[in-house]
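Secondary and tertiary structure notes
Below, each chain spelled out in residue letters.
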Amino acid sequence: MLPTPTMYRSKSSFLPDYLRRAVRVSQMDLESASWQMVTLCLDPKRVYKQTTYHKQTKNQWARDDPAFTVLCLVFLIVAAVAYTVAFRVPFPGTFLRIVLGVVVFDFGVVGCVLATVTWTVANKYLRVRALHSVDQEVEWMY
């Protein structure tokens with residue numbers, strides 16, 4: 001077996017790779033991420049099946065590329081800007097505080113807290129443990 005770069009990467013080094021890919025548009029599959037967003041609203045069962053196939057082939061629940069997260073952030077920024085424009089926020093400082101508050105606090109902090117809680121519950125209580133099977137674990141980024 002030939003060595004691959006993923007063999008030398010530890011689980012803790014996944015986040016820098018994920019962030020590195022987030023700043024390079026060429027590294028993101030925006031078409032797949034936008035398809036996933038639209039299909040989640042219209043037919044979530046198809047996205048579940050596609051995610052299950054991804055788990056079976058790559059043995060990973062989470063997406064490798066950050067396109068879905070980047071698209072969510074872009075839509076949140078657009079919504080926050082539309083909110084400030086619609087309610088005629090008079091000061092640029094207030095405008096910036098609202099937009100950064102939505103991105104940093106609502107998406108970042110609340111998202112990380114919810115992801116950690118659901119990750120803990122899923123790995124502690126929702127895993128199926130069979131006697132003769134490989135121990136499976138849900139990743140935090142899923």
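Below: a short report on this structure. (Residues numbered from 1 in each chain as written. Predicted model: local features only at pLDDT ≥ 70, side-chain atom pairs only at ≥ 80, totals over all residues. Heavy atoms only, no water.)

A word on helix H5 (residues 92–125)
For an α-helix, the turn length of 3.6 residues means that residues three or four places apart are oriented alike. Operational definition: Elements are defined by DSSP. Helices are runs of H or I of four residues or more, strands are runs of E of two residues or more, and each kind is numbered from the N terminus. For a helix, the expected span equals 1.5 Å multiplied by the residue count minus one. We define the bend at each residue as the angle formed by axes fitted to the 7 residues ending at it and the 7 residues starting at it. When accessible area is computed with a 1.4 Å probe and restricted to protein chains, residues below 20% of their type maximum are described as buried, those above 50% as exposed, and intermediate ones as partly exposed. Only heavy atoms enter the contact rule, under which two residues are in contact if any of them lie within 4.5 Å.
With 34 residues, H5 should cover 50 Å at 1.5 Å per step; its first-to-last C-alpha distance of 47 Å lies within 8% of that length. The sharpest bend along H5 measures roughly 35° and falls at glycine 101. Of all the residues in H5, the buried ones are Val99, Val102, Ala122 and Asn123. Where H5 is buried, its residues contact helix H4 (67–86).

Overview of the side chain of glutamine 36
Stated formally: Each polar contact in these results corresponds to two N or O atoms within 3.5 Å; when the atoms are within protein, one needs to be able to donate a hydrogen and the other to accept it, and residues that are neighboring in sequence are counted only if both atoms are side-chain atoms.
In this structure, glutamine 36 sits in helix H2 (residues 30–42). Accessibility expressed as a relative area gives 7% for glutamine 36, which makes it buried. Within the structure, glutamine 36 has its side chain in polar contact with the side chain of glutamine 50 (distance 3.4 Å). When residues no more than four places from it in sequence are discounted, the contact partners of glutamine 36 are Val47, Gln50, Thr51, Arg63 and Phe68.

A word on the environment of valine 89
Assignment of secondary structure puts valine 89 in the loop between H4 and H5. Setting aside residues up to four positions removed in sequence, valine 89 forms contacts with Thr84, Thr94, Phe95 and Ile98.

Re the packing of aromatic side chains
Where two aromatic rings form a pair, the distance of their centres and the angle of their planes describe that pair. The test is simple: Each Phe, Tyr or Trp ring (for Trp, its six-membered ring) is paired with any other whose centre lies within 6.5 Å, and the angle between the two planes then decides the class: stacked below 30 degrees, edge-to-face above 60, tilted in between.
This model, assessed by the stated rule, comprises one aromatic pair. The interplanar angle of 55° and the centroid separation of 4.9 Å between the aromatic rings of tyrosine 83 and phenylalanine 87 together place this pair among those described as tilted.

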